[in-house]
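A structural walkthrough
One-letter residues, chain by chain:
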Amino acid sequence: MIELIDIAKSFGARRLFAGVNLRVGDRDRVGLVGPNGTGKTTLFRIMLGEMSPDDGRVEAKRGIRMGHLAQEVHPSRAMDLPLREYCVREVRGVGPLLDERAALVAAIDAGTHDNARIHRLAEVEELLRHRDADALPKKAESVLIGLGIEHRDLDRPLRTMSGGLLMRAELARLLLDEPDLLLLDEPTNHLDLEGLRWFEEYLKSFPGAVVLVAHDREFLNRTVDRVVEVSVRGATDFGGDPRMPVYDRYVAERAKAIELAWKKYDEQQALIKDLEEFIAKNRANASRAAGAQSRVKVLERLERLAPPEAVRKVRFAFPQPPRSADLVCSLEHVTRRYGTRTVFAGLDFRAHRGERLALVGVNGAGKSSLLRMIAGVAAPDEGTRLVADGVRVGYFAQDQFEVLQPERTLHQQMLDVADTKTTPAVRPILGAFLFGEDDLDKKVVTLSGGEKARLLLARMLLQPFGLLVMDEPTNHLDIASREVLETALREHQGTIVFTSHDRRFMDTLATSVVELRDGQLTRYPGNYTYYISKVGDPFAPAARAPTEGRVETRAGAALRELERDRKRDEAERRNRMYRILRPLRDRVAASEASIAALETRLKELDDALVQPDLYQDPVRARDLGQQAREVRAQLEAVYEEWSLAAEELERVEQEQAEAPRD
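Just so it is clear, the model here is predicted, and its values are computed rather than measured.

On to the overall build of the chain, then. For the chain, the count of helices and strands is 20 helices and 18 strands. Here the chain, with 662 residues, has 47% of them falling under the buried criterion. Across the chain, the fraction of contacts at a sequence separation of at least 24, relative to all contacts at a separation of at least 6, is 71%. Summed over its atoms, the accessible surface of the chain is roughly 32,700 Å², and 49% of this surface lies on carbon and sulfur atoms.

Put into structure tokens, the structure is as follows:
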């Protein structure tokens, strides 16, 4: 489908990568990994044709349709459109066709019945039918709900929505567009667990190829067949193994590769040292000068190995809070309301010293509201919050940027919360959270939302909080940074309450899982895997898509009349030429019947494949996906047969039309 051949790219004196070779087949699922800044996003831009490589070439299948989800989206051209309408209009060129149909219908309904308009309306209707436009609102709703968007948000204008909702809208649009190749740059950042599970199952039956960048290790295990590591040396394809989760296999194979590379490097360095010592000792010795000279030539011809890339390991002494009382925080019979909606009522919560509690629940259950209440950022409408004496509370959320001073630099913001013990750790921590030396003097006002979130996390690690409350702390972190955060939080001696859609992060960190469901809390001792083993998967996809009807107009009546005229003319023509054209007509008719049956079957399969509840049964989902691919292949073959028969029929008809009449 697409192939990168010996691709190289540099920016100024900095080389991103060289010698990148990557081939993506029709149904491939490829995960690109590597620390931030190694060029994964640049590779996407090269594949899309938005950027040219310095060296190498890109070979793509003719007519390939690619869909790209960037890390940040700005659909400014459509900010006044409702969410569902935006998704429908931006799919397969449907928007302009809908506008043209509306204009033609209005003209015809106003009494302007010229044949040109009616014929153009027929063409537009056929184009919309080919794009399955009438089914798109239902499909769009199904996909948006599956990605975690509430029913009440479906008809909100885009301009009223957060960046996270806009990212989900763009992802929904891409999935509905069904390109041949999906390029997804960190698609999981703005999905909760419910949306993430739905997305995983959808990708399994997606008919095209997928190349994605993701830092969620469990997501990679569930969605890709191959892991390709991008580095300054190029792209290393670690393949896959059905006996082992693909990302876990990559980690194991990469460790072996690094160990082997160091062994070869050390062996070569020892050889070089021996050769250089021999040369130094014997260059002036007449009897051994020839031997020394031969070793000089060996050194000159030797292709020297570069030392393997060091794995980023950041460790520091985490500032520990003073020992507190056993009960660190409690909520007593608390209630939270938003207008007339009660999120939860009469709820009790306990967090004890040293506990690390993962809070889980479906979208809209009230997790963020509960975390804000635990942190003291929001007060309960009823009930009380108690925190043990002397306990400092640290709160992290993606939008809590007011604690940062816009005109101060990133480095100054860190030094503001550091003491004599932690100041030496400031730069290593910033490096662990993806900030380089060039970033230290950046002012906070110039940072992106993701950079501000990473800075807030880095600041938290320098302070001795007795209670840490964290809402999705792993967003915008690469895998190495997540592992640094995991290590730091595991060694923290205080209490931690957090939410995350990174299941590996929850497994590594949580000592208990607290489920918020129907306004009640249930505690499960153990990590996330244990929780799932006890309750099943509460985040499995569920179908939620109402049907919609259509209103017919005078334009519809005109179209039906036009269709009747067309069929009558066609029947008269066929009657006149029946005996001469019967064999060809039979071929065409048989092909048309097959096409109609196959299109009906394909529509049934496509409708089934977009239903979220289908993916509760992965085996059936894969089977339906395979059936859809087989039907498409059959349809292409029948279209070819129909085209040949129709061309032959047209040729004979032309000959008969030009022949003298009896």
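Enumeration according to the criterion identifies eight aromatic pairs in this entry. Aromatic side chains Phe199 and Phe219 sit 5.9 Å apart centroid to centroid with 15 degrees between the ring planes, which places their arrangement in the stacked category. You can see Phe199 sitting in helix 7 (residues 193-204) and its partner Phe219 sitting in helix 8 (residues 217-223), a full 20 residues away along the chain. Each member of the pair, Phe199 as well as Phe219, is classed as buried. Judged by centre distance (5.9 Å) and plane angle (45 degrees), the rings of Tyr528 and Tyr531 are tilted. Of this pair, Tyr528 and Tyr531 both sit in helix 17 (residues 528-535), three residues apart, which is roughly one turn of the helix. Note on Tyr528: relative accessible area 5%, which makes it buried. For Tyr531, a relative accessible area of 0% translates into the label buried.

What follows concerns the sheet that holds strand 3 (residues 29-33). Sheet architecture is open: six strands sit in the order 5-6-7-3-8-9, paired in mixed fashion. Looking at which strands have only one partner, the edges of the open sheet turn out to be strand 5 (66-69) and strand 9 (234-237). Strand-to-strand twist across the sheet, computed as the mean angle between neighbouring axes with direction ignored, equals 20 degrees. Sheet analysis places strand 3 next to strand 8 (residues 226-231), joined by four bridges and oriented parallel. The partner of Val33 across the bridge, within strand 8, is Glu229. The sheet contacts of helix 7 involve strand 3, strand 6 (181-185) and strand 7 (209-213), and relative to strand 6 the element is tilted by about 155 degrees. Across the sheet, helix 9 (residues 246-282) touches strand 3 and strand 8, and the angle it forms with strand 8 is around 45 degrees.

Here we take up helix 6 (residues 163-177). Taking 1.5 Å of rise per residue, the 15 residues of helix 6 would be expected to cover 21 Å, and the 21 Å separating its terminal C-alpha atoms lies within 8% of that figure. Where burial is concerned, most of helix 6 is hidden: 14 out of the 15 residues are buried. One or two positions beyond helix 6, positive phi appears at Glu178, with a value near 50 degrees.

The first and last C-alpha atoms of helix 9 sit 53 Å apart over 37 residues, in line with the 54 Å expected at 1.5 Å per residue. Of the positions making up helix 9, those classed as buried are Val246, Tyr247, Arg249, Tyr250, Ile258, Tyr265, Gln268, Ile272, Leu275, Ile279 and Asn282. Contact partners of the buried residues in helix 9: strand 3, helix 8, strand 8, helix 10 (289-301) and helix 15 (479-491).

Right, let's talk about the nonpolar core for a bit. In this structure, Leu184, Phe199 and Leu212 are the most contacted members of the largest nonpolar core, which totals 73 residues. The greatest single-element share of this core, amounting to nine residues, is contributed by helix 6. Non-local contacts of Leu184, meaning those with residues more than four positions away in its chain, are made with Phe44, Leu69, Leu171, Leu174, Phe199, Leu203, Val210, Val211, Leu212 and Val213. Of all hydrophobic cores here, the second largest spans 46 residues; its members include Ala358, Val417, Ile429 and Leu440.

Here we come to the environment of Pro53. Within the secondary structure layout, Pro53 lies in the loop between helix 1 (40-48) and strand 4 (55-60). Given the relative accessible area of 24%, Pro53 is considered partly exposed. Considered as a pair, Pro53 and Ala18 are 35 residues apart in the sequence and their alpha carbons are 9.7 Å apart. Look past the residues within four positions of Pro53 in its chain and what remains in contact with it is Ile7, Ala8, Lys9 and Ile46.

Let us look at the confidence of the model for the chain. Of all residues in the chain, 87% attain a pLDDT of 70 or more, and the chain-wide mean is 81. Considering only residues more than four positions removed or in separate chains, one finds that residues 543-559, a stretch of pLDDT under 50, has 38 contacts.

Let's shift gears to unusual backbone geometry. Positioned with a positive phi, Asp6 is a non-glycine residue whose angle comes to about 50 degrees. Within the secondary structure, Asp6 is located in strand 1 (residues 2-11). Phi angles above zero are rare outside glycine, and Asp132 is one such case at about 55 degrees. Here Asp132 falls in the buried class, since its relative accessible area comes to 18%.

So, on to the packing of helix 9 against helix 10. Running from N to C, helix 9 and helix 10 point in directions that differ by 145 degrees, and their axes come no closer than 9 Å. When the axes of helix 9 and helix 10 are compared, the crossing they make is left-handed. Residues Ile272, Leu275, Glu276, Phe278, Ile279 and Asn282 of helix 9 touch helix 10, and the partners they reach there are Ala289, Gly291, Ala292, Arg295, Val296, Val298 and Leu299.

What follows concerns the environment of Arg233. Position of Arg233 relative to the elements: it lies in the loop between strand 8 and strand 9. In the structure, Arg233 is positioned 213 residues away from Val20 in sequence and 7.9 Å away in space, judged by C-alpha atoms.

The strand order across the open sheet built from six strands is 14-15-16-12-17-18, with neighbouring strands paired in mixed fashion. What marks the edges here is a single partner per strand, and that holds for strand 14 (393-396) and strand 18 (520-525). The sheet shows a mean angle of 15 degrees between the axes of neighbouring strands, direction not considered. Where strand 14 meets strand 15 (residues 467-471), four bridges bridge the pair, whose relative direction is parallel. Looking at the pairing, Val393 lines up with Leu467 of strand 15. Strands in contact with helix 11 (residues 367-375) are strand 12 (356-360), strand 14, strand 15, strand 16 (495-499), strand 17 (512-517) and strand 18; relative to strand 15, the strand with the most contacts, it is inclined by about 155 degrees.

What follows deals with the pattern of salt bridges. Under the definition given, this model contains 45 salt bridges. Asp177 is the partner of Arg65 in a salt bridge, and the nearest nitrogen-oxygen pair spans 2.9 Å. Here the residue Arg65 occupies a position in the loop between strand 4 and strand 5, and Asp177 occupies one in helix 6, the gap between them amounting to 112 residues. Notably, a salt bridge pairs Glu486 with Arg217, separated by 2.5 Å at the nearest N-O pair. One end of the pair, Glu486, is in helix 15; the other, Arg217, is in helix 8, with 269 residues separating them in the sequence.

Cut-offs used in this document
- Residues numbered from 1 in each chain as written.
- Predicted model: local features only at pLDDT ≥ 70, side-chain atom pairs only at ≥ 80, totals over all residues.
- Heavy atoms only, no water.
- Helix = DSSP H or I, 4+ residues; strand = E, 2+ residues; numbered from the N terminus.
- Buried < 20%, exposed > 50% of the residue type's maximum accessible area, 1.4 Å probe, protein only.
- Contact = heavy atoms within 4.5 Å.
- Areas by Shrake-Rupley, 256 points an atom, 1.4 Å probe, with all protein chains shown as cover.
- Phe/Tyr/Trp six-rings, centres within 6.5 Å; stacked < 30°, edge-to-face > 60°.
- Pairing = 2+ DSSP bridges.
- Axes fitted to C-alpha atoms, helices over the stretch in contact; angles between N-to-C directions.
- Expected span 1.5 Å × (residues − 1).
- Core = buried A, V, L, I, M, F, W, Y, C linked by side-chain atoms within 4.5 Å.
- pLDDT = per-residue confidence, 0-100.
- Left-handed = near helix turned anticlockwise from the far one by under 90°.
- Salt bridge = Lys/Arg side-chain N within 4 Å of Asp/Glu carboxyl O.

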